[in-house]
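Close look at the chain arrangement
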Amino acid sequence: MSAPDNAAAKLHPETRLVHAGILRSQYGETSEALFLTQGHVYDNAAQAEGRFLNTDPGFQYGRLSNPTVAMLEERMAAFEGAKACRATATGMAAVTAAVMAPVRAGDHVVAASALFGSCRYIVEDHLPRYGVETTLVDGTDIEAWRKAVKPNTKVFFLESPSNPTLEVIDIPAVAKIAKEAGAILVVDNVFATPLFQRPLELGADIVVYSATKHIDGQGRCLGGLILGSKKLIEGDIQQFLRQTGPALSPFNAWVMLKSLETLPLRIGKQAENATRVADWLAAHSVPSRVIFCGHKSHPQAEIIARQMSGPSTLIAFEVPGGKEGAYRLLDACRLIRISNNLGDAKSLIVHPATTTHQRFTPEVRAAMGVTDGLIRLSIGLEHPDDLIADLEQALAKV
Ligand SMILES: Cc1ncc(COP(=O)(O)O)c(C=O)c1O
């Protein structure tokens, strides 16, 4: 098996997504091989010992690493400009490892309050069970991050843009406060995608993805990725993953490896389609509010101009009539399907208040901006005229 082509890291991002990380077997396959194996055999007992001591390079056991998973990790690291990457079975496994592994009982975590429901659960409900203090702040209020810092603060965590309200946080400003506090900044970059926002270059220490979303991008596999420096990824985080075991299946890694080859094409086109649909929605009389990262009316448009190179593929908008108005719209959509997934080739629509953010009280939802009339729309690869026609007939029924 040949070694990864490190020279690929010097190439353009699109080229890296096609070539970086490839490990060719003795058969010289053009497409990446799928190594569907739990373990690996050793030539002799001493080699087995060397693998466990890390003095002999090579693979041991699927919970720790796998050649196909390693290709995905290497390719993503080359694309993201990270020194190390670890893949996980889901996006939540990546978030949990990134936020939990670096802390101990008695430490403190500060997080933005506008988070995906499960991300907020990890911070608000899960960490305190293990003696980790947590503080939720309005992520857009930079002074609130500074005020939340305590001597035991070890991790800052944020999503930007957030799910589902597309709230955008000034990553360099938060990174500066984290650094001064001696804490690490973990950024969930799912909504921005690795194409449009590069948190490590903006000062973050760790970036996490639900690879389930745009990275697979075709609704097939769950997966997660954690990227950062060798010190952070190969320290506590790697230990946490090895010992607790949320390993990504080699099959899912193989699907995602192939997906990375087309990521810029897919996301570029989806963002272009999203812009068409968002412009049309903003000009329509029914939605009372349209939130889109490509619009000047976005509350954090000035930050977006500084830290994002594209608008994402998500749109949030509000319809009159609260939950009933939202349900009328969703139930009238024919082409756009109701689903809590996002970042897919198929356009998907969801009512966050009754699904992804259902478990919160109405007061907490209101504070997060998740109103009863809020809709989240993920734009896919269909022709935008067909999406607009579907929304037009559906909005007429609200
Ligand atoms: C922002 C964000 N982070 C993490 C996740 C979790 O990803 P997964 O469903 O792959 O566990 C999601 C899922 O929707 C998400 O939207």
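Presented here is an overview of the structure given in this document. (Residues numbered from 1 in each chain as written. Predicted model: local features only at pLDDT ≥ 70, side-chain atom pairs only at ≥ 80, totals over all residues. Heavy atoms only, no water.)

Secondary structure summary: the protein chain contains 15 helices and 12 strands in total. Over its C-alpha trace the protein chain gives a radius of gyration of 21 Å, about what one expects of a compact globule, namely 21 Å for 398 residues. When its C-alpha atoms are laid out on the principal axes, the protein chain stretches across 70 × 50 × 35 Å. Across the 398 residues that make up the protein chain, the buried fraction comes to 55%. Considering only residue pairs separated by 6 or more positions, the protein chain has 73% of its internal contacts joining residues 24 or more positions apart. Approximately 16700 Å² of the protein chain is accessible, and the part contributed by carbon and sulfur atoms is 54%. When the 39 basic and 42 acidic side-chain charges of the protein chain are each reduced to a single mean position, those positions are 1 Å apart. (Helix = DSSP H or I, 4+ residues; strand = E, 2+ residues; numbered from the N terminus. Rg over C-alpha atoms; globule rule 2.2 N^0.38 Å. Buried < 20%, exposed > 50% of the residue type's maximum accessible area, 1.4 Å probe, protein only. Contact = heavy atoms within 4.5 Å. Areas by Shrake-Rupley, 256 points an atom, 1.4 Å probe, with all protein chains shown as cover. Lys, Arg positive; Asp, Glu negative; His and termini not counted. Charge placed at Lys NZ, Arg CZ, Asp CG, Glu CD.)

This next bit is on the site of the ligand. Near the ligand you find 13 residues, and of these Gly91, Met92, Asp188, Ser210 and Thr212 are the closest. In this structure, an oxygen atom belonging to the ligand sits 2.6 Å away from a side-chain N or O atom of Thr212. Taking Lys213, its side chain carries an N or O atom lying 3.2 Å from an oxygen atom of the ligand. The class makeup of the residues in the shell around the ligand is four nonpolar, six polar and three charged. (Near = heavy atom within 4 Å. Polar contact = N/O pair within 3.5 Å; in protein donor to acceptor, adjacent residues only side chain to side chain. Nonpolar A, V, L, I, M, F, W, Y, C, P; charged D, E, K, R; others polar.)

Time to look at the nonpolar core. Counting residues in hydrophobic clusters, the biggest one holds 30 residues, and the most contacted among them are Leu72, Met76, Ile215, Leu225 and Leu227. For this core, the secondary-structure elements that each account for two or more residues are helix 3 (67–80), strand 1 (84–88), strand 6 (206–210), strand 7 (224–228), helix 10 (250–261) and helix 11 (263–283). Tallying contributions element by element places helix 3 first for this core, with six residues. With sequence-adjacent residues up to four places away left out, Leu225 is seen in contact with Leu72, Met76, Cys85, Arg86, Ala87, Thr88, Ala94, Val207, Val208, Tyr209, Ala211 and Ile215. Grouped together as the second largest cluster of nonpolar side chains are 26 residues, Ala98, Val132, Ile206 and Ile226 included. (Core = buried A, V, L, I, M, F, W, Y, C linked by side-chain atoms within 4.5 Å.)

Our next topic: the environment of Ala82. Mapping Ala82 onto the fold places it in the loop between helix 3 and strand 1. C-alpha separation for the pair Ala82 and Thr356, spaced 274 residues apart in sequence, amounts to 30 Å. With residues up to four places along the chain from it excluded, the contact list for Ala82 reads Ala77, Leu200, Leu227 and Gly228.

With that settled, the discussion passes to helix 13 (residues 322–332). What helix 13 keeps buried is the set Gly325, Ala326, Leu329, Leu330 and Ala332. Here the buried face of helix 13 lies against strand 9 (314–318), strand 10 (337–338), strand 11 (348–350), strand 12 (374–378) and helix 15 (384–395).

Right, let's talk about the sheet that holds strand 3 (residues 133–137) for a bit. With mixed pairing, the seven strands of this open sheet are ordered in space as 1-7-6-5-4-2-3. With partners counted over all chains shown, the strands left at the sheet margins are strand 1 and strand 3, one partner each. For this sheet, the mean inter-axis angle between neighbouring strands, taken without regard to orientation, is 20 degrees. Across five bridges, the pairing between strand 2 (residues 108–112) and strand 3 is parallel. Each bridged residue has a counterpart across the sheet, and for Ala111 the counterpart in strand 3 is Leu136. The strands touched by helix 5 (residues 117–129) within the sheet are strand 2, strand 3, strand 4 (153–159) and strand 5 (184–188), with strand 3 carrying the most contacts at an inclination of about 150 degrees. (Pairing = 2+ DSSP bridges. Axes fitted to C-alpha atoms, helices over the stretch in contact; angles between N-to-C directions.)

This model, assessed by the stated rule, comprises zero disulfides. Not engaged in a disulfide, the cysteine Cys221 finds its nearest cysteine sulfur in Cys85; these two sulfurs lie 16 Å apart. (Disulfide = S-S within 2.5 Å.)

Glancing now at a nonpolar patch on the surface. Together, Leu34, Leu36 and Phe251 give the surface a local cluster of nonpolar side chains, amounting to about 280 Å² of exposed area. Considering the arrangement of structural elements, one finds Leu34 in the loop between helix 1 (13–19) and helix 2 (45–53). (Patch = residues over 30% accessible without salt bridge, like charges linked within 9 Å, V, L, I, M, F, W, Y side chains within 5 Å. Salt bridge = Lys/Arg side-chain N within 4 Å of Asp/Glu carboxyl O.)

This part takes up the pairing of strand 2. Most of strand 2 sits out of view: five of its five residues are buried. Burial along strand 2 is two-sided: the face carrying His108, Val110 and Ala112 and the face carrying Val109 and Ala111 are both buried. Of the crossover connections in this fold, the one passing from strand 2 over helix 5 to the parallel strand 3 is right-handed. Pairing analysis gives four bridges linking strand 2 to strand 4, with the strands arranged parallel. From the neighbouring strand, Val109 faces strand 4, where its bridge partner is Val155. (Right-handed = clockwise from strand over helix to strand, strands pointing away.)

Another point: the pattern of salt bridges. The tally for this structure, following the rule as stated, stands at 22 salt bridges. Between Glu234 and Arg86 there is a salt bridge, and its shortest N-O distance comes to 3.7 Å. Here Glu234 is found in helix 9 (residues 230–244), whereas its partner Arg86 is found in strand 1, with 148 residues between them in sequence. On the accessibility criterion, Glu234 (36% relative accessible area) is partly exposed. We classify Arg86 as buried; its relative accessible area is 18%. A single network of salt bridges, built from pairs that share partners, joins Glu32, Arg75, Lys258 and Glu261.

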